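Okay, here's what each chain looks like letter by letter:
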Amino acid sequence: MPFDLGATARLTAQCLDPDGTPATAGTATVTVTLPDGTTVTPAAAETSTAGTYQADHVTTAAGRHTVRWVFTGPAHAYTDVFDVQEEAPPAILSLADAKKHLNIPADDTSEDEEVRFWNVATTRAVEYFTGPIVPRTITETHTEHRARVVVLRHTPVLALVSVEPTQQGGTAYDVGDLVLDGETGEVSLYGAGLLYGPLQYVYRAGRLVVSENISAGARIILQHLWRTQRAGRRGALPGGAQDYSVTEPIPGLGYAIPNRALNLLEPDRLPPGVA
């Protein structure tokens, strides 16, 4: 599961001799490569289990990290990866609501990290159909040199933050001089003037109020994804085939999105060609 930004990632590896047997190393070095390409080398130490080493890295950047272990005496190496979530990852449901819908007792925290992971995955699935739900800031560049209307790529749009040129000598625009249609993402100048680009648009997209049909659709998708991971385990749900069966794909969508969830999301689905 991804780590929270600022949390400590405990890294582990085994030193193996040429026969594949764990062995105490003469030296153990671990290098963590951050998403921006910089590296850190946290101190590595052998645990109480011979040949098993660990190191702690306090996460400072969101994204994919690479971990490289190098041992000598005997010579051995091991490479792994881990992910760090952004500071406020988009989650359509609270952890408490997600657990309640999955019938997990509130005081049972053993699966919280996995529930959080699938909750974020569910959010992405819902937003594929509806556009952004969780409010966030988006930065995008439009290369039109002269345009009466520029259409932002992610709707609904809550507010424009800034519109700046991407080339030296370009024209910046005060957002107070612009007209925004939040539902369509269309931006234009008051008085039907032209926007001269290329321009970088920074804006807030998402929904301040999440309607019940979207929330219900998210719960169904979460429950469905949770069920696919737990065949024969606690948390698996009884049920026949129909559109909720994990063995019955939906034409064009595969196994991840039940039809009943799509029916609930239908009133808020984006028109074709809109992200």
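Okay, so let's go over this structure. (Residues numbered from 1 in each chain as written. Predicted model: local features only at pLDDT ≥ 70, side-chain atom pairs only at ≥ 80, totals over all residues. Heavy atoms only, no water.)

A word on the packing of helix α2 (residues 112–130) against helix α3 (residues 212–228)
Packed helix pairs are characterised by how far apart their axes lie and by the angle those axes make with each other.
Then, in step 1: Closest axis-to-axis distance for the α2/α3 pair is 9 Å, and the angle between their directions is 125°. Considering the angle they form, α2 stands oblique to α3. The interaxial crossing formed by α2 with α3 has right-handed handedness. Seen from α2, the contacting residues are E114, V115, W118, N119, T122, A125 and V126; seen from α3, they are I214, A218, I221, L222, L225 and W226. (Axes fitted to C-alpha atoms, helices over the stretch in contact; angles between N-to-C directions. Helix = DSSP H or I, 4+ residues; strand = E, 2+ residues; numbered from the N terminus. Parallel < 35°, antiparallel > 145°, perpendicular 65-115°, else oblique. Left-handed = near helix turned anticlockwise from the far one by under 90°. Contact = heavy atoms within 4.5 Å.)

A look at α3
Then, in step 1: Taking 1.5 Å per residue, 17 residues should reach 24 Å; α3 reaches 25 Å between its end C-alpha atoms and fits that length.
Then, in step 2: Counting buried residues in α3 gives 13 out of 17 residues, a clear majority hidden from the surface. (Expected span 1.5 Å × (residues − 1). Buried < 20%, exposed > 50% of the residue type's maximum accessible area, 1.4 Å probe, protein only.)

Some remarks on unusual backbone geometry
Glycine aside, a negative phi is what most residues show, and trans is what most peptide bonds show.
Then, in step 1: Look at the link from G73 to P74: it is a cis peptide, with omega at 10°.
Then, in step 2: Note on placement: P74 falls in the loop between β6 (63–72) and β7 (76–84).
Then, in step 3: Geometrically, the link from T155 to P156 is a cis peptide bond, its omega value of 5° lying close to zero.
Then, in step 4: With respect to the helices and strands, P156 occurs in the loop between β10 (150–151) and β11 (157–165).
Then, in step 5: Positioned with a positive phi, N103 is a non-glycine residue whose angle comes to about 60°.
Then, in step 6: Among the secondary structure elements, N103 is positioned in the loop between α1 (95–101) and α2.

What about empty space enclosed by the protein?
Summary: where empty space remains is shown by rolling a probe the size of a single water molecule over the atoms.
Then, in step 1: Counted by the stated rule, this structure contains one cavity of 30 Å³ or more.
Then, in step 2: Its volume calculated, the largest cavity comes out at about 40 Å³.
Then, in step 3: Taken together, M1, P2, Q85, E113, R116 and F117 make up the lining of the largest cavity.
Then, in step 4: Grouping the amino acids of the lining of the largest cavity by side-chain chemistry returns three nonpolar, one polar and two charged. (1 Å grid on protein atoms, 1.4 Å probe; cavity = no way out; pocket = protein on both sides within 12 Å on 5 of 7 lines; lining within 4 Å. Points joined across faces, edges and corners; volume = space filled by probe spheres on them. Nonpolar A, V, L, I, M, F, W, Y, C, P; charged D, E, K, R; others polar.)

Quick look at the nonpolar core
Then, in step 1: Grouped together as the largest cluster of nonpolar side chains are 22 residues, with contacts concentrated most on I92, V126 and I221.
Then, in step 2: Elements that contribute at least two residues to this core include exactly α2, α3 and α4 (259–265).
Then, in step 3: Broken down by element, this core gets its largest block of residues, seven residues, from α3.
Then, in step 4: Sequence-distant contacts of V126, defined by excluding residues within four places in its chain, comprise I92, I133, I214, A218, I221 and L265.
Then, in step 5: By size, the runner-up hydrophobic cluster in this structure holds 16 residues, among which are V150, V157, Y201 and A205. (Core = buried A, V, L, I, M, F, W, Y, C linked by side-chain atoms within 4.5 Å.)

What to know about the pattern of salt bridges
Then, in step 1: Enumeration according to the criterion identifies eleven salt bridges in this entry.
Then, in step 2: The shortest N-O distance in the salt bridge between R10 and D56 comes to 2.8 Å. Taken as a pair, R10 in strand β1 (residues 8–14) and D56 in strand β5 (residues 52–58) lie far apart in primary sequence, 46 residues in all.
Then, in step 3: We classify R10 as partly exposed; its relative accessible area is 49%.
Then, in step 4: With a relative accessible area of 35%, D56 lands in the partly exposed category.
Then, in step 5: One salt bridge connects R136 with E127, and the closest N-O pair in it is separated by 2.4 Å.
Then, in step 6: In the salt-bridge network here, residues are joined through shared partners; they are D4, E113 and R116. (Salt bridge = Lys/Arg side-chain N within 4 Å of Asp/Glu carboxyl O.)

Brief notes about the layout of surface pockets
Then, in step 1: By volume, the largest pocket is sized at about 190 Å³.
Then, in step 2: What lines the largest pocket is a set of twelve residues, and nearest its centre among them are T155, E183, R269, L270 and P271.
Then, in step 3: Tallied by class, residues from the lining of the largest pocket come to five nonpolar, three polar and four charged.
Then, in step 4: Estimated volume of the second largest pocket: approximately 160 Å³.
Then, in step 5: In terms of lining residues, the second largest pocket is bounded by ten residues, among which E127, G131, P132, R136 and H154 are the most central.
Then, in step 6: Elements that contribute at least two residues to the lining of the second largest pocket include exactly α2 and β8 (136–142).
Then, in step 7: Of the residues that constitute the lining of the second largest pocket, the class distribution is five nonpolar, two polar and three charged.

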